[in-house]
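# Examining the three-dimensional arrangement
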Amino acid sequence: MEDLELEQILAGLGVSENKAFGFDILLLPEFYKLKDKFVDAQDSLLLNKLLKKEGLSSANAFDLGADINSVERKSSDIWLGTIFILSDVVLPIFIDVVSGLISKAVSEKRDRKHENAPYPSVHLKLRIKENGTETEINYKGDAETLDKILKSIKPK
């Protein structure tokens, strides 16, 4: 995943910052340098639906009016893209939803493969804006460790 700032991603999508900052959570696409374009991961699209179902104010590129493609990877890994938490009030619910999604996805992906297959890795770039500061987590690893990391995050 390319390391881009929120403003750069929004500009690349053709979305004004004003439109994006009406949301508590932004699930933004990844930038593929080789193809020189943004793409949404299927797992990220599912996460957005689950967050909305829980009543959170979340948006992905489509919700912001950007016209981009989604990509479904054939590996068993879980790709959540770049997520910006713009209000720390939503952190506890966000963490519960992500933990549930990852747990279910790992179980489903393991069921489709041989029981001795390796566990899928989770790919996530999370940025949390709180009280004028920003915490960034770039994660690629197992689901259990990510779950522990997420549950250790406390709003300031």
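All figures in this text were calculated on a predicted structure; none of them were measured in a lab. (Residues numbered from 1 in each chain as written. Predicted model: local features only at pLDDT ≥ 70, side-chain atom pairs only at ≥ 80, totals over all residues. Heavy atoms only, no water.)

### Notes on the overall build of the protein chain
Basically, it comes down to this: The numbering of helices and of strands both runs from the N terminus, where a helix is a DSSP run of H or I of at least 4 residues and a strand a run of E of at least 2. Partly exposed residues are those whose accessible area sits between 20% and 50% of the maximum for their type, while under 20% is buried and over 50% is exposed, using a 1.4 Å probe and protein chains only. Only heavy atoms enter the contact rule, under which two residues are in contact if any of them lie within 4.5 Å. In short, Shrake-Rupley with a 1.4 Å probe defines the accessible areas, and a residue's cover is counted only from the protein chains shown.
Across its full length, the protein chain carries five helices and eight strands. Out of the 156 residues belonging to the protein chain, those deemed buried represent 47%. Within the protein chain, residue pairs in contact and separated by at least 24 positions form 69% of the contacts whose partners lie at least 6 positions apart. A total of about 8500 Å² of accessible surface is found on the protein chain, and carbon and sulfur atoms cover 49% of it.

### As for the environment of Val 90
With respect to the helices and strands, Val 90 occurs in the loop between β6 (78-85) and α4 (91-112). The spatial distance from the C-alpha of Val 90 to the C-alpha of Asp 24 is 7.2 Å, given a sequence separation of 66 residues. Discounting residues that sit within four places of it in the chain, Val 90 has contacts with Asp 24, Ile 25, Leu 56 and Ile 85.

### Details of helix α5 (residues 143-152)
Applied cut-off: To obtain the arc, one takes the directions from the helix axis to the C-beta atoms.
Listed as buried for α5 are Ala 143, Leu 146 and Leu 150. Across the axial projection of α5, the buried residues extend over an arc of 60°, all falling on one side. Pointing more than 90 degrees away from the buried face of α5 are the exposed residues Glu 144, Lys 148 and Ser 152.

### Topic: the sheet that holds strand β1 (residues 25-28)
The strands making up a sheet associate through backbone hydrogen bonding, with each pair oriented either parallel or antiparallel. Which entries qualify depends on this criterion: Note on pairing: DSSP must find at least two bridges between two strands before they are called paired. Lines fitted to C-alpha atoms define the axes here, with helix axes fitted over just the stretch in contact, and angles between the N-to-C directions of these axes take values from 0 to 180 degrees.
Strand order in the open sheet formed by five strands is β4-β1-β6-β7-β8, and the pairing between neighbours is mixed. In the strand order of this sheet, the two ends are held by β4 (58-60) and β8 (133-142), each with one partner. Neighbour to neighbour, the strand axes of the sheet diverge by 15° on average, direction disregarded. Sheet analysis places β1 next to β4, joined by three bridges and oriented parallel. Within the sheet, the bridge partner assigned to Leu 27 lies in β4 and is Asn 60. Packed onto the sheet, helix α1 (residues 6-13) meets β1, β6 and β7 (121-130) and runs at close to 60° relative to β1. Against the sheet, α5 touches β7 and β8, its axis set at about 160° to β8.

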